[in-house]
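Residue-level listing of the chains:
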Amino acid sequence: MKKQNIRIFAMTHKAFTPPPDPMYIPLQVGSASHHALGYLSDNTGDHISDLNAYYSELTGVYWLWKNDKDTDIIGICHYRRYLIAEDGHLYRYKDIEHLLSRYDMVVTKKLELRMPYYDGFASTHDEKDLIETERVVAEKYPDYAPLFHEMVHKKETYFANMMICRKQLYDAYCTWLFDILFEVQRRIDTTGYDNYRKRVYGFLSEFLLTVWIVKNQLHVYESCVGMSCEKRETEEMKQSLAVYFQQQDILGAKQYFLHQLEKRPDVLMEASDIHGELKLCMQIISTCEYEKKRGERTMVERGMSFDELLTHMKNLNRFIDQLEESDSENAIRNYIAEHPISATAAEIARIVLGKTDSIPVSLK
């Protein structure tokens with residue numbers, strides 16, 4: 001039997017160190033508008049590379065659909081995000097061959113959303129774009145319309161446009177997907193969108209993949225996702241917040257954080273803030289605000305480095321999360337006596353972790 005040609009393409013817009021396995025191939029997306037990185041690029045043959053600001057990694061997805069004729073099994077991952085086995089190892093040839101002997105497609109585990117997909121999209125994008133997408137689906141693929149409407153009000157979706165499947169199935173999906181997205185593109189106006197909201201078609205496609213999988217009753221394997229590094233935006237935010245904390249400028253830190261969050265509401269998602277340290281920074285800011293309100297010496301005034309602040313906050317959260325309610329007050333009091341942490345910090349941590357049913361009056 002002929003050996004199957006399996007290729008996993010790592011979409012990237014920046015130089016990175018690819019996995020050593022030659023099955024993983026870097027593909028530069030948006031190549032038409034950026035300096036060449038020396039990788040396979042998405043701006044040859046039939047391409048939409050110049051639309052990368054709007055389609056994100058989908059310009060690479062499109063390029064592979066139209067130009068790759070030699071691959072039997074195709075995979076899409078990212079330069080810092082990969083589908084991995086339960087034990088944490090990067091999928092190898094035999095892993096993928098085995099999985100696709102039993103499943104139609106390998107995808108991410110479903111995101112369990114805090115709110116219906118529609119509400120989440122509307123909170124960070126223009127909801128008219130999602131409404132128009134549903135209208136296009138109803139016109140072009142009416143048999144998908146009831147499912148789309150049902151699922152858009154559910155709290156789950158696959159994410160990141162990551163998948164592994166046979167090329168024939170991949171091509172069928174792309175035919176359906178881009179037929180919808182190109183029509184949506186003709187109808188909506190993205191004038192005035194910031195760089196985050198411009199990527200509307202990339203965001204829409206994550207949900208559309210979910211709909212397509214369910215409608216076609218695909219037998220999918222929901223895989224773990226491994227992260228090789230944090231987003232550049234996440235690391236830059238932490239570096240800036242470290243400066244604000246060093247300068248003991250909590251108001252400046254808060255204003256900076258809110259401004260960045262408005263531009264990039266995805267930075268707090270687990271796929272971006274993989275160590276949860278931006279959430280810890282938010283907690284530090286809140287703690288310092290209330291310490292100041294109570295006339296206490298704030299966390300950032302205690303002479304700790306940025307790493308020490310994060311470490312103490314992590315340890316406090318871990319300690320409180322493991323406490324049994326019956327003896328929590330004495331345990332917390334003893335912890336505070338032994339660490340550079342205030343009672344206010346402990347109260348904020350209990351609220352963040354859902355370990356208290358009431359908020360102290362002084363924190364309201």
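Residues numbered from 1 in each chain as written. Predicted model: local features only at pLDDT ≥ 70, side-chain atom pairs only at ≥ 80, totals over all residues. Heavy atoms only, no water.

Things to note about the packing of helix H7 (residues 167–187) against helix H9 (residues 200–215)
At a minimum axis distance of 11 Å, the contact between H7 and H9 shows a crossing angle of 130°. On the basis of the axis angle, H7 is oblique to H9. For the pair H7 and H9, the sense of crossing is right-handed. The segment H7 lies against H9, with Leu 169, Ala 172, Tyr 173, Trp 176, Leu 177, Ile 180, Leu 181, Val 184 and Gln 185 engaging Tyr 201, Leu 204, Ser 205, Leu 208, Leu 209 and Trp 212. (Axes fitted to C-alpha atoms, helices over the stretch in contact; angles between N-to-C directions. Helix = DSSP H or I, 4+ residues; strand = E, 2+ residues; numbered from the N terminus. Parallel < 35°, antiparallel > 145°, perpendicular 65-115°, else oblique. Left-handed = near helix turned anticlockwise from the far one by under 90°. Contact = heavy atoms within 4.5 Å.)

Comments concerning unusual backbone geometry
Positive phi, close to 55°, is recorded for Ser 56, a residue that is not glycine. Note that Ser 56 resides in the loop between helix H1 (52–55) and helix H2 (58–67). Look at Asn 161: it is not a glycine, yet its phi comes out positive at around 55°. Looking at the secondary structure, you find Asn 161 in the loop between strand S8 (156–157) and strand S9 (163–166).

Some words on the pattern of salt bridges
Applying the stated criterion to the full structure yields 19 salt bridges. Between Arg 135 and Glu 132 there is a salt bridge whose closest N-O contact spans 2.6 Å. Placement of the pair is Arg 135 and Glu 132 together in helix H5 (residues 127–140), with a separation of 3 residues, close to one helical turn. In this structure Arg 135 comes out as partly exposed when scored by relative accessible area, which is 41%. Overall, the relative accessible area of 14% leaves Glu 132 in the buried class. A salt bridge links Arg 294 to Glu 347, with the nearest nitrogen and oxygen atoms 2.8 Å apart. (Salt bridge = Lys/Arg side-chain N within 4 Å of Asp/Glu carboxyl O. Buried < 20%, exposed > 50% of the residue type's maximum accessible area, 1.4 Å probe, protein only.)

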